[in-house]
Each structure stands twice: as C-alpha cells, then as structure tokens.
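A structural walkthrough
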Amino acid sequence: MNYTATFDASHKVKRAGAHARNFERHIARDADQAAGFSFAQRNPNIDPARTSMNITMVNDCNGGWRQPVVTQDADGKDRPPSAELGDYLDARLATVTRKLRNDAVVMRPMILQLDPKWFAARNPDWRESGLNAEAEGYVAAQLEWAAGEFGHENLPGYSVHLDETNPQLQLLFTPVTKDGRLSQKDFFKGPGDLQRQHKEHREALADVGYEVEFKVSRRSKEHLSSTEYAAAADRVRDHELQNADYEDSLDRWAVDLSAEKRNLADRKRDLETRGKRFLASAEEKARVLVAGVRERMIATDFGSWIEQNHPEAIDEYEDEVLSQLAAVPRPRPPASSRKLTPARQRHLDRNKEHQRSFGG
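An account of the accompanying structure is given in this report. (Residues numbered from 1 in each chain as written. Predicted model: local features only at pLDDT ≥ 70, side-chain atom pairs only at ≥ 80, totals over all residues. Heavy atoms only, no water.)

1. What to know about the packing of aromatic side chains
By convention here, two paired aromatic rings are described through the distance between centres and the angle between planes. Under the counting rule described, the total for this entry stands at 16 aromatic pairs. Here Phe37 and Phe39 contribute two aromatic rings whose centre-to-centre distance is 6.4 Å and whose plane-to-plane angle is 10°, an arrangement assigned as stacked. Under the relative-accessibility criterion, Phe37 is labelled partly exposed at 22%. Relative to Phe173, the ring of Phe150 has its centre 4.7 Å away and its plane inclined at 45°; by these criteria the two rings are tilted. Of this pair, Phe150 sits in helix H6 (residues 133-150) while Phe173 sits in the loop between strand S10 (168-171) and helix H7 (191-206), and the two are 23 residues apart along the sequence. (Phe/Tyr/Trp six-rings, centres within 6.5 Å; stacked < 30°, edge-to-face > 60°. Buried < 20%, exposed > 50% of the residue type's maximum accessible area, 1.4 Å probe, protein only. Helix = DSSP H or I, 4+ residues; strand = E, 2+ residues; numbered from the N terminus.)

2. A word on H6
When the terminal C-alpha atoms of H6 are compared, their 26 Å separation across 18 residues agrees well with the 26 Å that a helix rising 1.5 Å per residue should span. Lining the buried residues of H6 we find strand S1 (5-8), strand S8 (110-114), helix H4 (116-122), strand S9 (157-161), S10 and H7. Put simply, Asn132 is the residue that caps the front of H6, since its side-chain oxygen is 3.2 Å from the backbone nitrogen of Glu134. With its phi angle positive at about 95°, Gly151 sits one or two positions after the end of H6. (Expected span 1.5 Å × (residues − 1). Contact = heavy atoms within 4.5 Å. Polar contact = N/O pair within 3.5 Å; in protein donor to acceptor, adjacent residues only side chain to side chain.)

3. A few points about the side chain of His152
Relative to the helices and strands, His152 is located in the loop between H6 and S9. In this structure the side chain of His152 is engaged in a polar contact, spanning 3.4 Å, whose partner is the backbone oxygen of Gly64. Excluding residues that lie within four positions of it along the chain, His152 makes contacts with Asn59, Gly63, Gly64, Trp65, Tyr88 and Ala147.

4. Some points on the nonpolar core
Among the nonpolar cores identified, the biggest contains 35 residues, and Phe7, Met110, Phe150, Leu171, Phe188 and Tyr210 are the most heavily contacted of them. Counting only elements with at least two residues in this core, the list comes to S1, S8, H4, H6, S9, S10 and H7. Of all the elements, H6 adds the most residues to this core, at nine residues. The contact partners of Leu171, leaving out residues within four places of it in the chain, are Arg108, Pro109, Met110, Leu112, Leu143, Ala146, Leu155, Gly157 and Tyr158. Grouped together as the second largest cluster of nonpolar side chains are 15 residues, Phe23, Val58, Leu93 and Val96 included. (Core = buried A, V, L, I, M, F, W, Y, C linked by side-chain atoms within 4.5 Å.)

5. Observations concerning the sheet that holds S1
The sheet built from six strands is open, its strands ordered S1-S8-S10-S9-S3-S4 with antiparallel pairing. Taken across any chain shown, the strands that pair with only one partner, and hence form the sheet edges, are S1 and strand S4 (65-66). The sheet contact formed by strand S3 (residues 55-59) and S9 spans four bridges and is antiparallel. Paired with Val58 across the bridge in S9 is Gly157. Sheet contacts for H6: S1, S8, S9 and S10; angle to S8, the most-contacted strand, approximately 145°. (Pairing = 2+ DSSP bridges. Axes fitted to C-alpha atoms, helices over the stretch in contact; angles between N-to-C directions.)

6. Details of the pairing of S10
Neither face of S10 is open: one carries Gln168 and Gln170, the other Leu169 and Leu171, and all of them are buried. As paired elements, S9 and S10 share four bridges and run antiparallel to each other. Bridging across to S10, Tyr158 finds its partner in Leu171.

7. Focus: the packing of H6 against H7
H7 packs onto H6 with a crossing angle of 140° between their chain directions and a minimal axis gap of 9 Å. As the angle between them shows, H6 and H7 are arranged oblique. Relative to H7, the crossing made by H6 is right-handed. Note on element contacts: H7 touches H6 through Arg196, Gln197, Glu200, His201, Ala204 and Leu205, opposite Tyr138, Ala141, Gln142, Trp145, Glu149 and Phe150. Classifying every residue of the contact of H6 with H7 gives six nonpolar, three polar and three charged. (Parallel < 35°, antiparallel > 145°, perpendicular 65-115°, else oblique. Left-handed = near helix turned anticlockwise from the far one by under 90°. Nonpolar A, V, L, I, M, F, W, Y, C, P; charged D, E, K, R; others polar.)

Taken by themselves, the reported measurements are silent on function.
Okay, structure coming up:
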C-alpha cells in the first residue's frame, strides 16, 4: 500500500507586529511548558495533556540541532526557550544587506506530514509512546531534504507536534539568499518548481523505505514570450503558488476531518456505554432504596397495619417511584459526523473549479 506525504509552505509570517514571536511560541510550546512558561494557544486541536511529547529543536549554528533553553534578557529576566528561535531568526536576518520593510515576509513556516493511515498501520501507539524508530527515520529524511533544498542556515528550528489530531513536522524557514537578500522568489520560483519540490520531498522519503504515493496533480503549462512573462510573472506568481499548495492543504483538511469523525464515533460509543451503566446503577440504587423504605415502614405499627390490610398501597408506591425513574430522559450522544461549514465548502468548490479550468 502506498501512503501520502504532504508538504505545505503556504503560511507567511511578516516582520511587523508580534506574529513571529507568537508563532515561535506556538512551535516551541512543549519547551516553554517544560520550563514553566504558559502561553495561550489558539489551535482547538491541541491536547495539552500530550504537549510534553512534542520534540522541539533550534539550529545549533554548526549544521545540527539542539534543544532550546531558558535564557536571560538584558535585565536578567528569564526568557522562555521559544525566544531562542527568535534569536536565531534575528541573527540570520542581520546578514541581509538591504534594510527590511515592515511588510517583509521573514518566515515561510512549512508543515511536512506523513499519511495518518501510515501511523494507524505502522505506529498506532504514537499518542501514548510517541514516534517509533521507523517514523523517526522518516522525519530525519524530511529534515535532511529541507536542509538541502532551502539551506540549513535558513532553518531557525523545528518541532514534531504529537499533541494535535495527527503527527506533523513544523519547520521554520527564512528566505535569505547566499548573497544576502531576503527573497521568497528565489526559493519558490513558480508552480513547476513547487511541483519539483513536492516530488523530491516524496523521493527523499522513498529512498529511506517509505512507501510513498508519487501521483502529482496536473498543472497548466502556459507558453509566453519573454516580454509577456516579465510583465506578468510578478503579478501571478504568488497566486499560482497558493493554488499549487491548495491540494496539500485540502488533503490535510480531509485527513483531519476523517480523524475527527472517528473521534466523535468513539466518543458516542463511550457516552452510550457510560450512560447505560449510569442508568442501570441508578435503577438498582432506587430499587434498594424503595425496599429499604418498605422495610422501615413495615417495622412501625402503622406500617405493619398497612401491610396487613392494604398491601396494594405500598406496591403502588414502589411502582410509582420506579416508573418515574424510567421516564428520566436518556443523554443524547454527539452527532457521529458533522457537515462542512459554508466557507469550507465554497473553498472546496473553488479549488475543484480551478482544477477543471486547467484540465486537472
């Protein structure tokens, strides 16, 4: 069986504001948490109970990686480990020869993800035990490919996130060229080059034994003169790059939705089982309580007289209590599936229309 391997570089982090710092804290949340720092996370799929299983590393400036640690600012105040990612990014950006604009894209974070079906078949206990040796080998191959494609010096750090719906490698990348320019276009040159990156990412995994699906979506091939290309390239490049990344994004969304459906089905079964146990326990306790009340009533002179002369009155009391218990509404389990939001459905429809228009 062949498995998918996705590579998504559609996210952009600009220089202005706190976007970069917040993203670094999102990436290195396990290291910050272990050091006693706590920052709010907006991703609802994060399970804080599993955050300690994540694996976060920072570039060691020597061709390798190391764990980020607590450092101190100029006033001697402790800083979270995630700040080391920002330190490396700042040092790398300091090599850029031209002054950076406030709206400059300083990072293009990437998500590299193995097929969740592979984990279900080959590393099913990843939620409890983390990555097995085979999965670690594939992550290492992805990191080696990224270092060769984008330059190890341009990778401030990475984190293997095991506290979300599916395992994924999140890799920080800053597009600094060898001659000291900040330029995304030197690394993402167009749809054809992006297709090459997807293919070579899959080949890197296949070389170490991953049974990868090599199917690559068809893309349109326009033939323009050099003058036409020069006039249009800057205008359409970002748009086409985004469309080229849609497929991997949609694949990941489909995988996440499928996993959520399975999780909801498991929750439904669990709630039904717990509900049945609760009601059975409540009914048994009610019967014991009614029997105890009857015994205490009979133990009195009046109760003894009722038992001897009107036993049907006590029987009717027992029946009434038990019938009221039976009428208690049962808890409703959650829906086993959910519909796509209108916005997500429109997004899917637009992508399908785009593929049809280019013969995909």
